[in-house]
Amino acid sequence: MTSKVASPIVLDYEDLKNGKDLRDLMLEAFGSGLDALGVCIVKNVPTFVEKRKALLPYASLVAHLPEEVRLRLEHPQSSFSFGWSHGKEIMNGKPDTQKGSYYNNPNFDDPGLESESASYGYTSNAKNVWPTDAELPGFHDAFMNLGQLICDVGYLVAQQLDSITKDSSTLPLDFFSNAIKLSKTNKARLLHYFPFSEAELNDQKSMDSWCGLHVDHSMLTGLTSAMYVVDSDLELKEVLSHPDIENSGLYVLHHDGVYYKINIPKDCLAFQIGQASSVSTKNVFKATPHLVRGAPSQVLARNTFAVFMQPSVDYVLDAETGLTFEKFTQDILKEHY
C-alpha cells in the first residue's frame, strides 16, 4: 500500500477564539475536494500540554488494573460504551484485542437522561463509570478536564462549520455549534494500544494492525497526539523517539487511494470530521476513513485520547428522512458489536 506523510491544515486557537473567517481553510481541511484529508490541527491551545500529560498515562494504568476491577468497570448495558472495554468491538470481522478503551461522558457524570433509556438505550444516556479514588487516584479529574477542554475547542471549530452552511436550505442556523453546545451526550475515549506478542508480530500482514479502517460516526472528533511508553515501565516515561514508532500511528485513506500519515504535534490538538457531518450536509463535509498502524514492538504501548463530539440522541441529522443521531448510532453499533 502506498503511503505518504500528510501536511494537514493548521489553525491557531486565537483565530478560532476571535472568530476570524477561516472558511476557506475549513473547506480545504474538511470539504469534499480532492485535496481534503478530513483533518486539521489546532495549535496554541491554553493548558492543553499540561492536561495531556496528566491524562494519557492513565490509559496504561487502567489497562493494568486487576482483572476483577476491570470487569467491575465494564458496562454491557451500553454495548460497552461506558467504562472499560477490551475485546468487545469487532474490527475486520473479529474481536479487537489490540486496544483497550475507557469511555465516559466528558461533560456530565450524570446527564440526567436515564429515564429516556427505555426508548433510546444506554449507548449515550448512562451515568459515567469510574474506579474508586483508592484504585486510581486523580483519574476522574484528569479525564474530565482534558475532555471538557477539547469540547470547548471543538465548539469553536463547529462555529466555523456553521459559517459555511449558514445559507443552507436544509440545515438550521448554528446546526453544528448547537449540536455540540447543547449536547448532553458527548463521548470521550481513552485508548491503550497493547504491545504485540511475538506471534502477532510474525502474523502482521496489513497496515491496520492496531485499529482497523473506519470512519468516526460523530459530528467532530478531537484527538491528542499519542504518548508511546514502555508498557512495563512503572514510571510511564514518554518515548519521544524510537525506530519502531516512526511509521506507527494514525493514517487517513485519501480519495486518491493513498494512505497519508497524520503526525499530530505533542502540543497540538487534531480534529477529524465525522460521518454524522457528512450525512447531514450531503457530503459538503467529507469524513475520511482512517486506521492506526501498530509499532512493530513487543514492549511499546500507545496511549491516546479521542473526544467524539456528537449531538443529543434526538437531534435530527436529516430533516427530509427524520434521521436522528440515536437511530444513526444504533445502525453503526450493529456493524461493530
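The structure we're discussing is the one just above.
Residues numbered from 1 in each chain as written. Predicted model: local features only at pLDDT ≥ 70, side-chain atom pairs only at ≥ 80, totals over all residues. Heavy atoms only, no water.

Draft legend 1. Highlighting the pattern of salt bridges. Inspection of the entire model under this criterion finds seven salt bridges. Note that Arg72 and Glu135 form a salt bridge whose closest N and O atoms lie 2.7 Å from each other. Of this pair, Arg72 sits in helix α5 (residues 67-72) while Glu135 sits in the loop between α7 (122-125) and α8 (139-165); the two residues are 63 residues apart in sequence, bridging distant segments of the chain. When its relative accessible area of 47% is taken as the criterion, Arg72 is described as partly exposed. By relative accessible area, which is 25% here, Glu135 ends up partly exposed. The residue Glu235 makes a salt bridge to Lys237 at a minimum N-O spacing of 3.3 Å. (Salt bridge = Lys/Arg side-chain N within 4 Å of Asp/Glu carboxyl O. Helix = DSSP H or I, 4+ residues; strand = E, 2+ residues; numbered from the N terminus. Buried < 20%, exposed > 50% of the residue type's maximum accessible area, 1.4 Å probe, protein only.)

Draft legend 2. Seen up close, the sheet that holds strand β12 (residues 249-253). Taken together, five strands build an open sheet; the order of strands is β1-β13-β12-β15-β9 and the sheet is mixed. One side of each edge strand has no neighbouring strand; the edge strands of this open sheet are β1 (3-5) and β9 (211-214). Along the sheet, successive strands turn relative to each other by an average axial angle of 30°, direction set aside. Sheet topology note: the β1/strand β13 (residues 259-261) ladder contains three bridges and is parallel. For Val5, the partnering residue across the bridge sits in β13 and is Lys261. (Pairing = 2+ DSSP bridges. Axes fitted to C-alpha atoms, helices over the stretch in contact; angles between N-to-C directions.)

Draft legend 3. Spotlight on the side chain of Asn186. Within the secondary structure layout, Asn186 lies in the loop between α9 (175-181) and β8 (187-193). Of the residues examined, Asn186 reaches a relative accessible area of 2% and is grouped as buried. A polar contact is formed between the side chain of Asn186 and the side chain of Asn107, at a distance of 3.1 Å. Polar side-chain contacts of Asn186 include one of 2.9 Å to the backbone nitrogen of Gln310. Discounting residues that sit within four places of it in the chain, Asn186 has contacts with Asn104, Asn105, Pro106, Asn107, Cys151, Ile180, Phe308, Met309 and Gln310. (Polar contact = N/O pair within 3.5 Å; in protein donor to acceptor, adjacent residues only side chain to side chain. Contact = heavy atoms within 4.5 Å.)

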